[in-house]
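# An overview of the molecular structure
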Amino acid sequence: MTEDLVDRIYEAAFVPDLWPDVFDRLSELSNSAGGGMGLFDDRLDPMLIASDLVRPILEGISAEGGFKSSSVSQLLLTLPPPSGFV
């Protein structure tokens, strides 16, 4: 299953609509509720993609601008660029 998942991750890098399925598969493997990712830049509207369960949470944080004041976001901004992908 993990080899197929790795292939799916590479596919999702080029076909963003595949990410929710990738997050669902990862959540099954990790026994988590779901997953998602976002791109936040002060010059742009946030771009989000997530599994169905997590999407409303990320959208709420994004709409309220919570990512700007989040201690986790602030910590990530202090890391060197290659480490900024979490």
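For the structure, check the block above.
### Topic: the overall build of the protein
Helix and strand counts for the protein come out as five helices and two strands. Beginning at the N terminus, the succession of helices and strands in the protein can be written as α-α-β-β-α-α-α. When the 86 residues of the protein are sorted by exposure, 20% land in the buried category. Once local pairs closer than 6 in sequence are excluded, the contacts in the protein between residues at least 24 apart make up 25%. Total accessible area on the protein is roughly 6,500 Å²; 59% of this is exposed by carbon and sulfur atoms.

### Some remarks on the pattern of salt bridges
Applying the stated rule across the entire model yields five salt bridges. Residue arginine 25 pairs with aspartate 4 through a salt bridge whose shortest N-O separation is 2.5 Å. With a gap of 21 residues between them, arginine 25 in helix α2 (residues 19-30) and aspartate 4 in helix α1 (residues 2-14) connect regions that are remote in the sequence. When its relative accessible area of 42% is taken as the criterion, aspartate 4 is described as partly exposed. The partner of aspartate 21 in a salt bridge is arginine 8, with the nearest N and O atoms 3.2 Å apart. Separated by 13 residues along the polypeptide, aspartate 21 in helix α2 and arginine 8 in helix α1 bring together distant segments of the chain. Overall, aspartate 21 belongs to the partly exposed group, its relative accessible area being 27%.

### Comments concerning the packing of α1 against α2
Interhelical geometry of α1 versus α2 gives an angle of 150° and a closest axis separation of 9 Å. By the angle between their directions, the pair α1 and α2 is classed as roughly antiparallel. Crossing hand, α1 versus α2: left-handed. Across from Thr2, Asp4, Leu5, Arg8, Ile9, Ala12 and Ala13 in α1, the residues of α2 making contact are Trp19, Asp21, Val22, Arg25, Leu26 and Leu29. Looking at the contact of α1 with α2 residue by residue, the class counts come to eight nonpolar, one polar and four charged.

Conventions adopted
Residues numbered from 1 in each chain as written. Predicted model: local features only at pLDDT ≥ 70, side-chain atom pairs only at ≥ 80, totals over all residues. Heavy atoms only, no water. Helix = DSSP H or I, 4+ residues; strand = E, 2+ residues; numbered from the N terminus. Buried < 20%, exposed > 50% of the residue type's maximum accessible area, 1.4 Å probe, protein only. Contact = heavy atoms within 4.5 Å. Areas by Shrake-Rupley, 256 points an atom, 1.4 Å probe, with all protein chains shown as cover. Salt bridge = Lys/Arg side-chain N within 4 Å of Asp/Glu carboxyl O. Axes fitted to C-alpha atoms, helices over the stretch in contact; angles between N-to-C directions. Parallel < 35°, antiparallel > 145°, perpendicular 65-115°, else oblique. Left-handed = near helix turned anticlockwise from the far one by under 90°. Nonpolar A, V, L, I, M, F, W, Y, C, P; charged D, E, K, R; others polar.

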